Each structure stands twice: as structure tokens, then as C-alpha cells.
Amino acid sequence: MIYGIGTDICDVRRIRASLARHGERFALKILSDAEFATWQARSARWPERGVRYLATRFSAKEAFSKAIGLGMTMPMSWRLCEVGNLPSGQPTVVLHGALKKWFDARGLSAHLSVTDETDYAASFCVVENL
């Protein structure tokens, strides 16, 4: 049974502007440690790829927060929600700490889709009861 659905569209130009204003501090606020390492590696090779990576993670976490019905209120937080990839490349939600406990206690499962184009990143998340 569906618990919640969330979607988000993010303007990549807005993420680029935030990075220009705040630098790595902005990325550290949004990304988990593992995501931050990936962002740094992608940014070093091709800065635009790093910006898009950050935009897709921002969008995916927003969509997930809407699907669970919490928005950005505890236990939901940027760094406790990680966007990973299965061996197939499919994006997946990896949770940590209090958010993982909250999610698991409700017997929930998340399905995530992310995409990006030149100016926008978009995500769709469906959360269901197991």
C-alpha cells in the first residue's frame, strides 16, 4: 500500500549560485559523507558534473521528505538521507541514524527516480508499507 508520494524539480542554476556563494559548506549541508566524496571527485574532473550531482541529490531528498510526509523536520535531515545506487545503477534511498529508525519502525520502503537536464534536476519518490 502506498504510504506517500513526493516529487521535486530543482533549478540547477540555483544550486550553482548557492555553491558560488557558500562553497563546500553548501555541499556539506546537503550531502552525506559518501555523497560528499563522490561530489568532490566529480567536481574535480568536470565541475558542471559536480553541480548536477548535487542538484539531483537535493531534488531526491526533497522528494523523499515529501513522500514520508515530514518535509525537512526531524527526524528527516539532509545528511541522514543518502541517495545511493544499486549495482544495476538504479537510485536508492539509504537512511542513517534517527531517520532510519523512524522509517524502519513504520515498515516502509522507498522507490526513487532521478533525472537531470541542463537547467533542471527532477525526482519522484514513492514510499510504501511493506
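The residue numbers shown here count from 1 along each chain, following its written sequence. In view of the model being predicted, local features appear only for residues whose pLDDT reaches at least 70, and side-chain atom pairs are presented and counted only at 80 or more, with totals across whole chains, interfaces and linings using the full set of residues. As a convention, hydrogens and water are excluded, and side-chain values are obtained from all of the structure's heavy atoms.

Things to note about the overall build of the protein chain
Part 1 of the argument: Within the protein chain one finds five helices and five strands.
Part 2 of the argument: Listing each helix as α and each strand as β along the protein chain from the N terminus yields β-α-α-α-α-β-β-α-β-β.
Part 3 of the argument: The quantity called the radius of gyration is restricted to C-alpha atoms. Its globule counterpart is 2.2 Å times the number of residues to the power 0.38. Relative to its length of 130 residues, the protein chain is compact, with a C-alpha radius of gyration of 14 Å against a globular reference of 14 Å.
Part 4 of the argument: For the C-alpha atoms alone, the extent of the protein chain along its principal axes is close to 40 × 30 × 25 Å.
Part 5 of the argument: Across the 130 residues of the protein chain, 43% fall into the buried class.
Part 6 of the argument: Here the analysis covers contacts within the protein chain between residues at least 6 apart in sequence; of these, 55% occur between residues at least 24 apart.
Part 7 of the argument: The charge count treats Lys and Arg as positive and Asp and Glu as negative. His and the chain ends do not count. To locate a charge, take atom NZ for lysine, CZ for arginine, CG for aspartate or CD for glutamate. Of the charged side chains in the protein chain, 17 are positive and 13 negative; the average position of the first set lies 4 Å away from that of the second. The helix and strand labels rest on DSSP assignments: H or I over at least four residues marks a helix, E over at least two residues marks a strand, and numbering proceeds from the N terminus. Per-residue accessibility, obtained with a 1.4 Å probe over protein chains only, is compared with the maximum for each type, and a residue is labelled buried under 20%, exposed over 50%, and partly exposed between these values. Two residues form a contact once any of their heavy atoms are found within 4.5 Å.

What about the pattern of salt bridges?
Part 1 of the argument: Within this document, salt bridges are pairs made up of a side-chain nitrogen of Lys or Arg and a carboxyl oxygen of Asp or Glu, the two lying within 4 Å of each other. Under the criterion given, the structure shown has nine salt bridges.
Part 2 of the argument: A salt bridge links D11 to R13; the nearest nitrogen and oxygen atoms lie 2.9 Å apart.
Part 3 of the argument: Since its relative accessible area comes to 37%, R13 is described here as partly exposed.
Part 4 of the argument: For R16, the salt bridge goes to E48, with nearest N and O atoms at 2.7 Å. In this pair, R16 sits in helix 1 (residues 12-22) while E48 sits in helix 4 (residues 47-67), placing the two residues 32 residues apart along the sequence.
Part 5 of the argument: For R16, a relative accessible area of 32% translates into the label partly exposed.
Part 6 of the argument: Residues participating in the shared-partner salt-bridge network are R16, E48, R52 and D116.

Topic: the environment of A63
Part 1 of the argument: With respect to the helices and strands, the residue A63 is situated in helix 4.
Part 2 of the argument: Considering only alpha carbons, one finds A63 and V114, 51 residues apart in sequence, at a separation of 9.7 Å.
Part 3 of the argument: When near neighbours in sequence (up to four residues on either side) are disregarded, A63 contacts G6, T7, D8, S123, F124 and C125.

Quick notes on the packing of helix 1 against helix 4
Part 1 of the argument: Here, axes are lines fitted to C-alpha atoms. For helices the fit covers the stretch in contact, and angles between N-to-C directions go from 0 to 180 degrees. For the pair helix 1 and helix 4, interaxial distance at closest approach is 9 Å and the crossing angle is 110°. Considered as vectors, helix 1 and helix 4 are oriented roughly perpendicular to each other. Considering the relative orientation of helix 1 and helix 4, their crossing is right-handed. Residues V12, R14, I15, R16 and L19 of helix 1 form the contact with helix 4, whose participating residues are E48, V51, R52, L54, A55 and F58.
Part 2 of the argument: Polar here means any residue outside two lists: the nonpolar Ala, Val, Leu, Ile, Met, Phe, Trp, Tyr, Cys and Pro, and the charged Asp, Glu, Lys and Arg; Gly therefore counts as polar. In terms of residue class, the contact of helix 1 with helix 4 is built from seven nonpolar, no polar and four charged. Angle categories: roughly parallel below 35 degrees, roughly antiparallel above 145, roughly perpendicular from 65 to 115, and oblique for all the rest. The crossing is said to be left-handed when, going from far helix to near helix, the turn is anticlockwise and less than a right angle, and right-handed when the turn is clockwise.

Thoughts on a nonpolar patch on the surface
Part 1 of the argument: A grouping of I2, I5 and F124 is seen on the molecular surface, where their side chains present a nonpolar patch of about 290 Å² in accessible area.
Part 2 of the argument: With respect to the helices, strands and loops of the structure, I5 is situated in strand 1 (residues 2-11). Surface patches are drawn from residues lacking salt bridges whose relative accessible area is over 30%; two like charges belong together within 9 Å, two nonpolar side chains (Val, Leu, Ile, Met, Phe, Trp, Tyr) within 5 Å. The Shrake-Rupley method, run with a 1.4 Å probe sphere, supplies the accessible areas, and residue values consider only the shown protein chains as cover.

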